Amino acid sequence: MQGSGRVLLFLAVFSASLVIAAFAVAGETPELASKYKEPKDLKGLKIATFPPGSIQYTILSKWLKENGLDPEKDVEIRTMGPREAISAIESGAVDAVFLPEPAPTIIELDGKGVRVVQSGEMYPNHACCCLLVSGKLIREHPEIVEQIVRTHINATKYLKEHPEEAARIFSNKTGFDYEKTLASFERWDGDWITNPHEIMNSTLEYAQVNYELGLAKRLLTDEDLFDTRFYDKIMGISSSPIPVPAEREEIKEIRIGYQPSTHQIAEMIAMEKGWWQRDLKRFGVENVTDKEFPSGPPEMNAMLAGEIDVAYVGTAPPITAIANSGLDAKIVAAVQINGSALVLRAASKTPTPDFTAISTISSISAVVVCFIARRRFGRSSR
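Being a predicted model, the structure only gives us computed values, none of them experimental. Every chain's residues receive numbers from 1 upward, in the order its sequence appears when written. Selection of residues for local features in this predicted model requires a pLDDT of at least 70, selection of side-chain atom pairs for listing and counting requires 80 or more, and totals for whole chains, interfaces and linings are taken over all residues. Where side-chain values are given, they derive from all heavy atoms of the structure, hydrogens and water being excluded.

Summarise the nonpolar core; cite the residues concerned and give the values.
Across soluble globular proteins, nonpolar side chains have a tendency to be buried as a group. Each nonpolar core is a collection of buried residues, namely Ala, Val, Leu, Ile, Met, Phe, Trp, Tyr and Cys, held together in the definition by side-chain atoms within 4.5 Å. Categorising residues by exposure relies on relative accessible area from a 1.4 Å probe, with only protein chains included: less than 20% of the type maximum marks a residue as buried, more than 50% marks it as exposed, and the intermediate range marks it as partly exposed. The biggest cluster of nonpolar side chains holds 110 residues, and the ones touching the most others in it are Leu42 and Ile254. A helix here means a DSSP run of H or I that spans at least four residues, while a strand means a run of E at least two residues long, and both kinds are numbered starting from the N terminus. If you tally residues by element for this core, the top one is helix α8 (residues 142–161), at eight residues. Contacts of Leu42, omitting those with residues within four sequence positions, involve Tyr36, Trp63, Leu64, Leu69, Asp74, Val75, Leu342 and Leu344. Whether two residues are in contact is decided by their heavy atoms, any of which lying within 4.5 Å being enough.

Before we move on, can you summarise the packing of aromatic side chains with the specific residues and values?
Ring pairs shown here join Phe, Tyr and Trp side chains whose ring centres sit within 6.5 Å, with only the six-membered ring taken for Trp; geometry is labelled stacked below 30 degrees between planes, edge-to-face above 60, and tilted in between. Taken as a whole and assessed by the stated rule, the structure comprises four aromatic pairs. Centroid distance Phe170 to Phe176: 6.0 Å. Interplanar angle 10°. Geometry classified as stacked. Judged on exposure class, the residue Phe170 and its partner Phe176 are both buried. Aromatic side chains Trp188 and Trp192 sit 4.6 Å apart centroid to centroid with 40° between the ring planes, which places their arrangement in the tilted category. Side by side, Trp188 and Trp192 carry an identical accessibility label, which is buried. Here a set of aromatic residues connected by ring pairs shows up, and it is made of Phe185, Trp188 and Trp192.

How would you sum up the side chain of Glu299? Please name residues and give values.
Following the sequence through the fold, Glu299 ends up in helix α16 (residues 296–304). We score Asp and Glu as negative and Lys and Arg as positive, and we do not count His or the chain ends. Salt bridges are counted wherever a side-chain nitrogen of Lys or Arg sits within 4 Å of a carboxyl oxygen of Asp or Glu. No salt bridge forms around the buried Glu299; measuring N to O, its nearest opposite-charge neighbour Lys291 is 10 Å away. Among the polar contacts listed, one links the side chain of Glu299 to the side chain of Gln259, at a separation of 2.9 Å. Whenever a nitrogen or oxygen atom comes within 3.5 Å of another N or O atom, the pair is scored as a polar contact, on the condition that within protein one atom can donate a hydrogen and the other can accept it, and that pairs from neighbouring residues in sequence are kept only if both atoms are in side chains.

Any details on the sheet that holds strand β4 (residues 113–118)? Residues and values, ideally.
Only strands that DSSP links by at least two bridges are regarded as paired with each other. Across the sheet, which stays open at both edges, the five strands sit in the order β2-β1-β3-β11-β4 with mixed pairing between neighbours. Of all strands in the sheet, those with a lone pairing partner are β2 (76–79) and β4, marking the two edges. Going across the sheet, the axis of each strand differs from the next one's by a mean of 25°, ignoring polarity. When β4 meets strand β11 (residues 340–345), the two strands line up antiparallel, connected through five bridges. Bridging from a neighbouring strand, Gln118 pairs with Ala341 of β11. Axes here mean lines fitted to C-alpha atoms, for a helix over just the part in contact, with angles spanning 0 to 180 degrees between N-to-C directions. Each of β1 (46–49), β2, β3 (96–100), β4 and β11 touches helix α3 (residues 55–66); the most contacted strand, β2, lies at about 175° to it.

For the environment of Lys160, give the residues involved together with the corresponding values.
Tracing the backbone shows Lys160 in helix α8. In this structure Lys160 comes out as partly exposed when scored by relative accessible area, which is 44%. Sequence separation of Lys160 and Trp192 is 32 residues, and the distance between their C-alpha atoms is 7.7 Å. Of note is the side chain of Lys160, whose polar atom sits 3.2 Å from the backbone oxygen of Trp192.

Help me get a handle on the packing of α8 against helix α9 (residues 163–174), residues and values and all.
The packing of two helices is summarised by the inter-axis angle and the distance between the axes. Interhelical geometry of α8 versus α9 gives an angle of 110° and a closest axis separation of 5 Å. As far as their axial angle goes, α9 and α8 are roughly perpendicular. In this structure, α8 uses Tyr158, Leu159, Lys160 and Glu161 to contact α9, whose residues at the interface are Pro163, Glu165 and Ala166. Gly is placed with the polar residues, together with every amino acid not listed as nonpolar (Ala, Val, Leu, Ile, Met, Phe, Trp, Tyr, Cys and Pro) or charged (Asp, Glu, Lys and Arg). Partitioned by chemical class, the residues of the contact of α8 with α9 number four nonpolar, no polar and three charged. Each angle receives one of four descriptions, namely roughly parallel if under 35 degrees, roughly antiparallel if over 145, roughly perpendicular if within 65 to 115, and oblique otherwise.

Coordinates in, geometry out; function isn't part of it.
Here you go:
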């Protein structure tokens, strides 16, 4: 009995040592937000954001590099959707997040973090979301596309005039808290817009950089990425008629992709109000459905697979999908600019052991390096 008792005591002490060692690795969670003074303070931290190819991933990588940090060596970028990233920072699994609204506001109001930089400070007036439509729909049913743009414009106007109702619709659609969603409208640095011309230069700049680095199979032009005819006709910029083909397949259903961000709330308003269904019914469309995606890259995969016809998505994901995968689609309207934020974890008394180190950095960092060089040496059009 004495010998077995010593064995048990040894095992207990050894197990306790392992637990202590595990917590010692992480230590007490530091009050990161209060210690942040400049971007270099992020060195060594784990940051969650959207996947490579997304607006958030690209802007974060660019900004880190501009401020003397190597995105591959100095920080650990973990790619996640918004709900996963919110949980990660609140549990202490990551030190920071760079996400679109309302995620930054939710984290702040939950007392789990503090925003330290808005995306508009990182990259002033940067293009974010757009309205993307399949090429087949544009060619065969331009009258439907024109109505889709009209409905989007009307929903955007309604959103800006009725923020409380818009927040309620978003909350019901996504499950995010209503009060926090409404508060995010006051805390963000973004704006809901519809004019595709306002986002064209920055979108083309990203396309140029990808091509120069060999990440895009061909250089995308404004004609590859944009079709502004519908917006221009609606706004009276152009009066040229858009021809309707004599032969075309009948369209009975329109499928729309979106993400759980207030950036794309115009889509949700049009769906909740029944405007998509009402406005497209006269063109023979019997049903309009929408589907949520965690971020832009998987949404583009769905469009490539023919699962959606219309997408509310960041401007970056279509560039890769069109250039490398042959996606047949065009940007027909803008949705929003700016509107994301870097949030650092607030103080916590709970140790957060972490045995994993997962890095998902890709060659997008090279895009960022070239992008910065072009801007610094005066080659940027912006």
